[in-house]
Amino acid sequence: MFKVLLFSVLLFPFALLAKDSVLIEDVTIISSHHHEPQQHMNVLIDNGRIVNITRNKVTSYGLKINGSGKFLTPGIMDSHAHVSSIPGMGFGVDPMSVKHPKLTKSYFKQQPRSFLYYGVTQVLDPNPGLNWHHFTSAENHPDYFRCEVITSTHTFPYVEKQDDKSRSMFTYLIDEKAPRNGANSAEDIVQKIANSGASCIKIYFEDGYGNASQWPTFSPKTLDRIKVSAKKVKLPILAHANALDMQQLALSARVDVIVHGMWNWGEHSHAKDIPAQISNVLENIIVNKIGYMPTQRVIAGLGEVMLPNIGDSPEFSLITPKPLLNWYKTPEAQWFKEELRIGFDGMPDKSIAGVFLYGRIGKGNKVINYLNKSKHPILLASDFPGSPSFANQPGLTTYQEMKAMVDAGLTLNEVLAAATINNAKQFKIQDDYGTVEVGKIANLLLLKKNPLSSIEAWDSIDTIILNGQPIARHTLSVKQ
Ligand SMILES: [Zn+2]
């Protein structure tokens, strides 16, 4: 009996395909492991994985998709997106979202669909807070990876939170004075994070916004204990740091990834070109192969929220629930703009927008360009929503971050790598993700236009294939 079964499996290798196996026929494959697009390919998907890629005719399948004239790419990975955050409100535990439970609910329902709408099939959330289960329990959602945050009662971001509810989102509070392996020691907290199933640890290197320095950071001894413990359980450390001194501190703590671009040049803020102190940091990043996430949309989001009609953007109407868009127009929703106005001493909105959209973005671009010219792999990471700005909306922000890479000088091939294989390699999931190859998880995009001809092709998605299941793009919009 066993022999007969084995024989038939060998004779008809695809006779045992699941009913929902999918064939994408006559498609052009665009994937970073190929030097050139592969035309007229047939891609067979079964049980959520790619099982065959061939130019030969495939006759056995469940469902056939005509790929003629279309382009098949890996799904996009955004390695810095906060799914607990509601644009314009905060982390879902903040007073504004508590006051509007209906808006919060409708937003969280749409959010995973909006990511998929823009082709984001994997998300890494460096600070998930408490509200990520709505995301992973949605019918369709990008594959989800998370870090957990280590902070303490006297360091950022805990120290900045004013109310108990906001503070409650920090589960892993370290006691720097605790003895080795004692309760809430570095060793204890890292082990707890590993046990929670997280993929990484996030530490904030932030002593104050802009040029301020009012908050303490972890002592070098604590940072060393975290690093040694994290290495034992094979968890990479992601560092929030966007100023020169903070990135220096993060590098001396031997972190694995810096999760923000360096747009804050401190005392060199008036320099036109990259000063030596900054290029020294960048060389350190290159030599030690530290991952780098530009997160230019943080800055763009802060600038764009000060523009008068940003809430009317035509893209928003496809991915943001209408009641939330209406709320953005109310006086109450202007609270964050008010905070920015106060921060800039009542400067006109247009000038505040300019500080971000021209000044700091320009600095970030120079840094990206420097690293890219040295062939340092850039990671697609938007930090959606980046702040309580409602100018950043899920999925769209990831696409805009890809456009920002082109502005910073990346080629379309380099953007493709940043969005797919670079992130997969950085987080050691390249056996499952990052290219269109046999054996990998079938998270794929069928595009109407060639993404190596224009960046806008990433907005021409026809079908999203998520764990082997095709989803027509239009069914993911709020208008469905
Ligand atoms: Zn972030």
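Conventions adopted
Per chain, the residues get numbers from 1 upward, laid out in the order the sequence is written. Selection of residues for local features in this predicted model requires a pLDDT of at least 70, selection of side-chain atom pairs for listing and counting requires 80 or more, and totals for whole chains, interfaces and linings are taken over all residues. Side-chain numbers here rest on the full set of heavy atoms in the structure, without hydrogens or water. Secondary structure follows DSSP: runs of H or I at least 4 residues long count as helices, runs of E at least 2 residues long count as strands, and numbering of each begins at the N terminus. Radius of gyration here uses only the C-alpha atoms, and the compact-globule reference equals 2.2 Å multiplied by the residue count raised to the power 0.38. Under the scheme applied here, a residue whose accessible area is under 20% of the maximum for its type counts as buried, over 50% as exposed, and between as partly exposed, the area being computed with a 1.4 Å probe on protein chains only. We call two residues contacting when some pair of their heavy atoms lies within 4.5 Å. Method for areas: the Shrake-Rupley scheme with a 1.4 Å probe, in which residue coverage is limited to the protein chains shown. We treat Lys and Arg as the positive residues and Asp and Glu as the negative residues; His and chain ends play no part in the count. Positions of charges follow a simple convention, taking NZ of Lys, CZ of Arg, CG of Asp or CD of Glu. Throughout, disulfides are identified as pairs of cysteine sulfur atoms within 2.5 Å of each other. Here, axes are lines fitted to C-alpha atoms. For helices the fit covers the stretch in contact, and angles between N-to-C directions go from 0 to 180 degrees. Our angle categories are set so that under 35 degrees counts as roughly parallel, over 145 as roughly antiparallel, 65 to 115 as roughly perpendicular, and the remainder as oblique. By definition, turning the near helix anticlockwise from the far helix through less than a right angle yields a left-handed crossing, and turning it clockwise yields a right-handed one. As a working rule, the residues Ala, Val, Leu, Ile, Met, Phe, Trp, Tyr, Cys and Pro are called nonpolar, Asp, Glu, Lys and Arg charged, and the rest polar, with Gly in that last group. For the domains described, the bounds stem from an automatic or database domain assignment. When two parts are brought into contact, each loses some accessible area as probed by a 1.4 Å sphere; the total of that loss over both is the buried area. Atoms of type N, O and S within 2.8 Å of a metal are treated as its donors, and for Na, K and Ca the window is 3.2 Å; water is not considered, so some sites may appear to be missing partners. Think of it this way: a Phe, Tyr or Trp ring, Trp meaning its six-membered ring, pairs with another when their centres are within 6.5 Å, and the plane angle makes it stacked under 30 degrees, edge-to-face over 60, tilted otherwise. Look at NZ for Lys and CZ for Arg. If either is within 6 Å of the ring centre and within 35 degrees of the ring normal, a charge sits over the ring. Only buried Ala, Val, Leu, Ile, Met, Phe, Trp, Tyr and Cys residues count toward a nonpolar core, and they belong to the same one when joined by side-chain atoms within 4.5 Å. Helix span is expected to be 1.5 Å times the residue number reduced by one.

## Some words on the overall build of the chain
Inference 1: Scanning the chain from N- to C-terminus turns up 17 helices and 15 strands.
Inference 2: The C-alpha atoms of the chain give a radius of gyration of 23 Å, which matches the 23 Å a tight globule of 480 residues would have.
Inference 3: Considering only C-alpha atoms, the chain reaches an extent of 75 × 55 × 45 Å along its principal axes.
Inference 4: Residue burial in the chain is summarised as follows: out of 480 residues, 57% are buried.
Inference 5: Considering only contacts in the chain between residues 6 or more positions apart, those separated by 24 or more positions represent 69%.
Inference 6: Surface summary for the chain: the accessible area is close to 20,800 Å², and the carbon and sulfur share equals 54%.
Inference 7: Across the chain, the mean location of the 48 positive side-chain charges is 4 Å away from that of the 44 negative side-chain charges.

## Topic: the state of the cysteines
Inference 1: One pass over the full model with this rule turns up one disulfide.
Inference 2: In this model, Cys147 is linked to Cys200 through a disulfide, with the two sulfur atoms separated by 2.1 Å. Every disulfide takes its handedness from the sign of the S-S torsion; for Cys147 and Cys200 that torsion is -85°, giving left-handed. Of this pair, Cys147 sits in strand 8 (residues 143-150) while Cys200 is found in strand 9 (residues 200-204), placing the two residues 53 residues apart along the sequence. Here Cys147 matches Cys200 in class, with each residue buried.

## Focus on the packing of helix 8 (residues 244-252) against helix 9 (residues 276-287)
Inference 1: Contact pair helix 8 / helix 9: the axes reach a minimum separation of 10 Å and the direction vectors enclose 30°. Taken together, the axis directions place helix 8 and helix 9 in an arrangement best described as roughly parallel. The way helix 8 lies across helix 9 gives a crossing that is left-handed. Taking contact as the criterion, the partners of Leu244, Gln247, Gln248 and Leu251 in helix 8 are, on helix 9, Gln277, Ile278, Val281, Asn284 and Ile285.
Inference 2: Residue composition of the contact of helix 8 with helix 9, grouped by class: five nonpolar, four polar and no charged.

## Some words on the domain arrangement of the chain
Inference 1: Domain assignment breaks the chain into domain 1 (2-75 + 434-476) and domain 2 (76-426).
Inference 2: In this structure, domain 1 and domain 2 have C-alpha centres spaced 33 Å apart.
Inference 3: Taken residue by residue, the interface counts 27 residues in domain 1 and 27 residues in domain 2.
Inference 4: Contact between domain 1 and domain 2 buries roughly 2,200 Å² in total, counting both sides, with carbon and sulfur atoms accounting for 65%.
Inference 5: Contact with domain 2 buries surface across domain 1, with Ile455, Trp458 and Leu476 losing the most and accounting together for 30% of the total.

## Notes on the coordination of the zinc ion
Inference 1: Surrounding the zinc ion are the protein donor atoms His80 (NE2), His82 (NE2) and Asp383 (OD), at 2.1 Å.
Inference 2: Look at where the donors of the zinc ion fall in the sequence and you get H-x1-H-x300-D. Considered together, His80 and His82 belong to a single accessibility category, that of buried residues.

## Let's talk about the packing of helix 6 (residues 186-195) against helix 7 (residues 220-232)
Inference 1: Direction vectors running N to C along helix 6 and helix 7 enclose 40°, while the axes themselves pass 9 Å from each other. By the angle class used here, helix 6 and helix 7 are oblique. In the crossing of helix 6 with helix 7, the sense of the turn from one axis to the other is right-handed. Residues Ala186, Glu187 and Val190 of helix 6 lie in contact with helix 7, whose contacting residues are Thr222, Arg225, Ile226, Ser229 and Ala230.
Inference 2: In terms of residue class, the contact of helix 6 with helix 7 is built from four nonpolar, two polar and two charged.

## Describing the packing of aromatic side chains
Inference 1: Taken as a whole and judged by the stated rule, the model has 17 aromatic pairs.
Inference 2: Each ring, one from Phe115 and one from Phe135, has its centre 6.1 Å from the other, and the planes form 85°; the classification is edge-to-face. Residue Phe115 is located in helix 3 (residues 101-117), and its partner Phe135 is located in helix 4 (residues 133-136); the two are separated by 20 residues in the primary sequence.
Inference 3: Relative accessible area serves as the criterion here: at 0%, Phe115 is assigned to the buried category.
Inference 4: Among the aromatic residues, ring-to-ring pairing joins Phe115, Trp132, Phe135, Tyr144 and Phe384 into one connected group.
Inference 5: In this structure, Lys363 is placed above the aromatic ring of Trp265, and the distance from its NZ or CZ to the ring centre is 5.3 Å.
Inference 6: Across from the ring centre of Tyr118, 5.2 Å away, lies the NZ or CZ of Arg473, which sits over that ring.

## Here's the deal with the nonpolar core
Inference 1: Within the largest apolar cluster, 106 residues are counted, with the highest numbers of intra-cluster contacts made by Ile150, Ile201, Phe205, Ile226, Ile285 and Trp458.
Inference 2: Looking at this core element by element, the count peaks at seven residues for helix 14 (residues 349-373).
Inference 3: Here this core gathers at least three residues from each of two domains, domain 1 (2-75 + 434-476) and domain 2 (76-426).
Inference 4: Residues in contact with Ile226, not counting those within four places in the same chain, are Ile150, Ile174, Ala186, Val190, Ile203, Phe218 and Ile237.
Inference 5: Leu238, Val259, Met293 and Ala424 belong to the second-largest nonpolar core, a separate cluster that totals 18 residues.

## Quick word on the side chain of Ser460
Inference 1: The topology assignment puts Ser460 in the loop between strand 13 (444-447) and strand 14 (461-466).
Inference 2: Ser460 has contacts with Leu446, Leu447, Lys448, Lys449 and Arg473, leaving out every residue within four places of it along the chain.

## What to know about helix 15 (residues 396-407)
Since the α-helix turns once every 3.6 residues, residues separated by three or four places project in the same direction.
Inference 1: Across its twelve residues, helix 15 extends 17 Å between first and last C-alpha, which sits within 8% of the 16 Å expected from 1.5 Å per residue.
Inference 2: Most of helix 15 is tucked away: nine of the twelve residues are buried.
Inference 3: Of the residues trailing helix 15, Gly409 is marked for its positive phi of about 110°.

## Topic: unusual backbone geometry
Inference 1: In this structure, Pro157 follows Phe156 across a cis peptide bond, with omega equal to 5°.
Inference 2: On the secondary structure map, Pro157 appears in the loop between strand 8 and helix 5 (164-167).
Inference 3: Residue Phe384 is joined to Pro385 through a cis peptide bond whose omega torsion reads -15°.
Inference 4: Within the element layout of this structure, Pro385 appears in the loop between helix 14 and helix 15.
Inference 5: Although it is not a glycine, Asp26 adopts a positive phi angle of roughly 55°.
Inference 6: Note on placement: Asp26 falls in strand 1 (residues 22-29).
Inference 7: Its identity is not glycine, yet Lys375 carries a phi of approximately 60°, on the positive side.

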